[in-house]
Amino acid sequence: MPAITLVGAQWGDEGKGKATDLVGNRVDYVVRYQGGNNAGHTVVIGDQKYALHLLPSGILSPDVVPVIANGVVIDPAVLFEELRGLRERGVSTERLLVSANAHMIMPYHRALDKVTERFLGKGRIGTTGRGIGPTYADKISRTGIRVQDMFDAKILRQKLELALHDKNQVLTKVFNRRGLDVEQVFDEYTGYAEELRPFVADTSLELNRALDAGKTVYLEGSQGTLLDIDHGTYPFVTSSSPTAGGACAGAGLGPTRITKVVGIVKAYTTRVGSGPFPTELHDEWGDWLRQKGGEYGVTTGRNRRCGWFDAPIARYSTRVNGITDFFLTKLDVLSGLERIPVCVGYQANGTRYDEIPMTQTEFHHAVPVYEYLDGWNEDISHARSFEELPKTAQAYVRTLEEMAGAPISAIGVGPGRDQTLELRSLV
Ligand code: GDP
Ligand code: IMO
Ligand code: MG
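Per an unreviewed UniProt entry, the chain carries the name Adenylosuccinate synthetase and comes from Streptomonospora litoralis. The Function (unreviewed entry) field of the UniProt record for the chain holds the comment "Plays an important role in the de novo pathway of purine nucleotide biosynthesis. Catalyzes the first committed step in the biosynthesis of AMP from IMP."

Structure, rendered in structure tokens:
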């Protein structure tokens, strides 16, 4: 039965949390397959607002099994804090499953993330400082510590000694920071092990069996396509694969299991951290979008950089993810504009590009070429069907759909659960 992947089609914060929550009562499993607590997914249910970082948004739906799969990196203190916070608000959390193969974020990963950023100065990536990059680097270097390692004291100590032998040299000699004590870290993490144990499972086996039994599995991406380690604006990216292909490796499912790929795309564009962003607005329109859209980071509280919709980016996302359906969010934010600029291509170094240029150097110099679509003044946050939207808003949606190269199956007109126009079922 179907496995559906949800991917951010821009630079993150497209509204993935809301999109996942919307289908919460129609799916059986919601799975995080990459990233860690760098994510910030907002879900609004009635007058309650939840900000989730590490847990799948499906944890808020009582009949869903939330899964943290092998591709995720876990900071245990953050995980327990988030679980505690939800329990205090009456959310049941005992259904959670955590892969034995997921990697652990260790204190030295957080320390290295922060210190390398500081040393990069102007060249910094603008990471969330949560230790994500260094944890994935260790995973690839085969020096990482996995969830299962926490249950074997001998292995854990061995791996920690090996890792700290190396990291302490770097922290003290390269960065002039204090080193970490093996025993202290060992005690801290063995302390977490018992709290983690009830959740740990072979999540790949569980998900494949669930699919065999006809259940629906929803793979919730974090970050976005342009933050993908391979397909994003490298090096200004995150250190995992949010793109649809990453869902298979990150959850232990074969590609033939995925029947649908839903791309979440904002009616304009935002980005947090450094890196190229052709349609970024440095004028009062950028502030207008930020204020109207509430574009402030859920994780770090930073101002999000704001700009107009970029069609080549949406098209690129359709291509690299195989997007079958788009969920266009935040259309309501654009109410009140006479004309809405939409980027249809770029000029860079005297050349016109209809697609994202091949090299980063060209993309850094890309100046957007705009088409101007008619705006609307009406408040559309109460619309509940496509037909209730003003004609010009309908035309904006249809034009974006044509430019993006895949059907827009849902439209967000506000943060609330009910503020969605579902034109075709997302599940
Ligand atoms: P995520 O990281 O992709 O889950 O997105 P974030 O939660 O970081 O940012 C999206 C923000 O937009 C959140 O505050 C949502 O509550 C809000 N949001 C989602 N969809 C809509 C929408 O259609 N309209 C409006 N106005 N806000 C929305
Ligand atoms: P959600 O899931 C937006 C950005 C950071 C930085 C870069 C690398 O809420 O869409 P990292 O800490 O991952 O090494 O930082 O990636 N970034 C995000 N931007 N939304 C996110 O998640 C992000 N997660 C990481 O700002 O530029
Ligand atoms: Mg976010």
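Over its 22 residues, helix α5 (residues 153–174) runs 30 Å from end to end, which matches the ideal 32 Å to within 8%, given 1.5 Å per residue. At L164, α5 is bent by approximately 30 degrees, the largest bend along its length. For α5, the set of buried residues is L156, L160, A163, L164, K167, N168 and L171. Following α5 by one or two positions, N176 has its phi on the positive side, about 60 degrees.

Sizing a probe to match a water molecule and rolling it over the atoms shows the empty space that remains. Evaluation of the coordinates by the stated rule reveals one cavity of 30 Å³ or more. Taken as a whole, the largest cavity spans an internal volume of roughly 40 Å³. Forming the walls of the largest cavity are V265, F309, A314, F326, L328, L400, E401, A404 and I408. Residue assignment for the lining of the largest cavity shows that the elements contributing at least two residues are β15 (325–329) and α12 (391–404). Top element by residues in the lining of the largest cavity is α12. It accounts for three residues. Among the residues making up the lining of the largest cavity, the classes are represented as eight nonpolar, no polar and one charged.

In this section: the site of ligand 1. The immediate surroundings of ligand 1 are formed by 19 residues, with K16, G17, G40, T42 and D332 found nearest. Within the contact set of ligand 1, an oxygen atom lies 2.9 Å away from a side-chain nitrogen or oxygen of R304. A distance of 3.3 Å separates an oxygen atom of ligand 1 from a polar backbone atom of G412. Protein chains shield 93% of the accessible area of ligand 1, which is 580 Å² for the free molecule. Because more than half of its atoms lie within 2 Å of the grid, ligand 1 is assigned to the second largest pocket.

With that settled, the discussion passes to unusual backbone geometry. In this structure, the amide linkage connecting Y234 to the following residue, P235, adopts the cis form with an omega of 5 degrees. For P235, the location among the structural elements is in the loop between β10 (217–220) and α8 (244–251). Here N176, not a glycine, exhibits a phi torsion of approximately 60 degrees, which is positive. On the secondary structure map, N176 appears in the loop between α5 and α6 (182–196). Among the residues examined, N176 registers a relative accessible area of 66% and is labelled exposed. A positive phi angle is found at N349, which is not glycine, with a value near 45 degrees. A residue is classified by how much of its surface remains accessible, and N349, at 61% relative accessible area, is exposed.

Protein coordination of the magnesium ion (ligand 3) is provided by D13 (OD) and G40 (O), with donor distances spanning 2.0 to 2.1 Å. Note that D13 is positioned in the loop between β1 (3–8) and α1 (16–22) and G40 in the loop between β2 (29–32) and β3 (41–45), a separation of 27 residues in sequence. Look at D13 and you get partly exposed, because its relative accessible area is 22%.

Looking now at the state of the cysteines. Counted under the stated rule, the structure contains zero disulfides. The cysteine C343 is free of any disulfide, with C306 supplying the nearest cysteine sulfur at 16 Å. We classify C343 as buried; its relative accessible area is 0%.

Right, let's talk about the sheet that holds β10 for a bit. Spatial ordering of the open sheet is given by β9-β7-β5-β2-β10-β1-β11-β15-β19-β20, a layout of 10 strands whose pairing is mixed. Either end of the sheet is taken by a strand with one partner, and the two such strands are β9 (200–201) and β20 (420–422). Here three bridges tie β15 to strand β19 (residues 408–412), and the two strands are oriented parallel to one another. The partner of F326 across the bridge, within β19, is I408.

This paragraph deals with the domain arrangement of the chain. For the chain, the assigned domains are domain 1 (3–91 + 202–422) and domain 2 (103–198). Averaged C-alpha coordinates put domain 1 and domain 2 at centres separated by 29 Å. Taken together, the contacts link 27 residues of domain 1 with 21 residues of domain 2. Summed over both partners, the interface of domain 1 with domain 2 buries about 1,900 Å², with 58% contributed by carbon and sulfur atoms.

Once that is clear, we can look at the side chain of R95. Residue position: R95 is located in the loop between α2 (76–88) and β7 (97–99). It turns out R95 is buried and unbridged, and the closest side chain with the opposite charge, E94, is 5.6 Å from it. Not counting residues within four places of it along the chain, the set of residues in contact with R95 comprises G58, I59, S61, P62, V64, V65 and P66.

We now examine the site of ligand 2. As a structural note, the neighbourhood of ligand 2 is formed by 20 residues, with D13, K16, T128, Q223 and T238 the closest of them. In this structure, H41 approaches ligand 2 through a side-chain N or O atom, which is 2.8 Å from an oxygen atom. Contact with the protein chains covers 97% of the free accessible surface of ligand 2, which is 560 Å². Considered class by class, the residues forming the shell around ligand 2 number six nonpolar, 11 polar and three charged.

So, about the packing of aromatic side chains. All chains considered together, the criterion is met by nine aromatic pairs. Measuring from centroid to centroid gives 5.5 Å for W285 and W288, while their planes differ by 70 degrees, and the two rings are edge-to-face. Within this pair, W285 and its partner W288 are both found in helix α9 (residues 284–293), separated by three residues, close to a single helical turn. Here W285 falls in the partly exposed class, since its relative accessible area comes to 35%. Assessed through its relative accessible area of 23%, W288 is described here as partly exposed. Consider the rings of W285 and W308, whose centres lie 6.5 Å apart with planes at 45 degrees: the pair is tilted. A residue pair is termed long-range when its members are at least 10 positions apart, and W285 in helix α9 and W308 in the loop between β13 (305–307) and β14 (309–310) qualify at 23 residues. Among the residues examined, W308 registers a relative accessible area of 6% and is labelled buried. Its guanidinium or amino end placed over the ring of Y50, R89 lies 4.0 Å from that ring's centre, counting from NZ or CZ. Positioned above the aromatic ring of F386, the side-chain terminus of R398 is 4.4 Å from the ring centre.

What counts and how
Residues numbered from 1 in each chain as written. Chains lettered and ligands numbered in written order. Predicted model: local features only at pLDDT ≥ 70, side-chain atom pairs only at ≥ 80, totals over all residues. Heavy atoms only, no water. UniProt positions renumbered as here; feature names shortened; annotations may be inferred. Helix = DSSP H or I, 4+ residues; strand = E, 2+ residues; numbered from the N terminus. Expected span 1.5 Å × (residues − 1). Bend = angle between axes of the 7 residues up to and from the residue. Buried < 20%, exposed > 50% of the residue type's maximum accessible area, 1.4 Å probe, protein only. 1 Å grid on protein atoms, 1.4 Å probe; cavity = no way out; pocket = protein on both sides within 12 Å on 5 of 7 lines; lining within 4 Å. Points joined across faces, edges and corners; volume = space filled by probe spheres on them. Nonpolar A, V, L, I, M, F, W, Y, C, P; charged D, E, K, R; others polar. Near = heavy atom within 4 Å. Polar contact = N/O pair within 3.5 Å; in protein donor to acceptor, adjacent residues only side chain to side chain. Areas by Shrake-Rupley, 256 points an atom, 1.4 Å probe, with all protein chains shown as cover. Sits in = over half its atoms within 2 Å of the grid points. Donors = N, O, S within 2.8 Å, 3.2 Å for Na, K, Ca; no water. Disulfide = S-S within 2.5 Å. Pairing = 2+ DSSP bridges. Domains from an automatic or database assignment. Contact = heavy atoms within 4.5 Å. Buried area = accessible area lost by both parts, 1.4 Å probe. Lys, Arg positive; Asp, Glu negative; His and termini not counted. Salt bridge = Lys/Arg side-chain N within 4 Å of Asp/Glu carboxyl O. Phe/Tyr/Trp six-rings, centres within 6.5 Å; stacked < 30°, edge-to-face > 60°. Lys NZ or Arg CZ within 6 Å of the ring centre and 35° of its normal.

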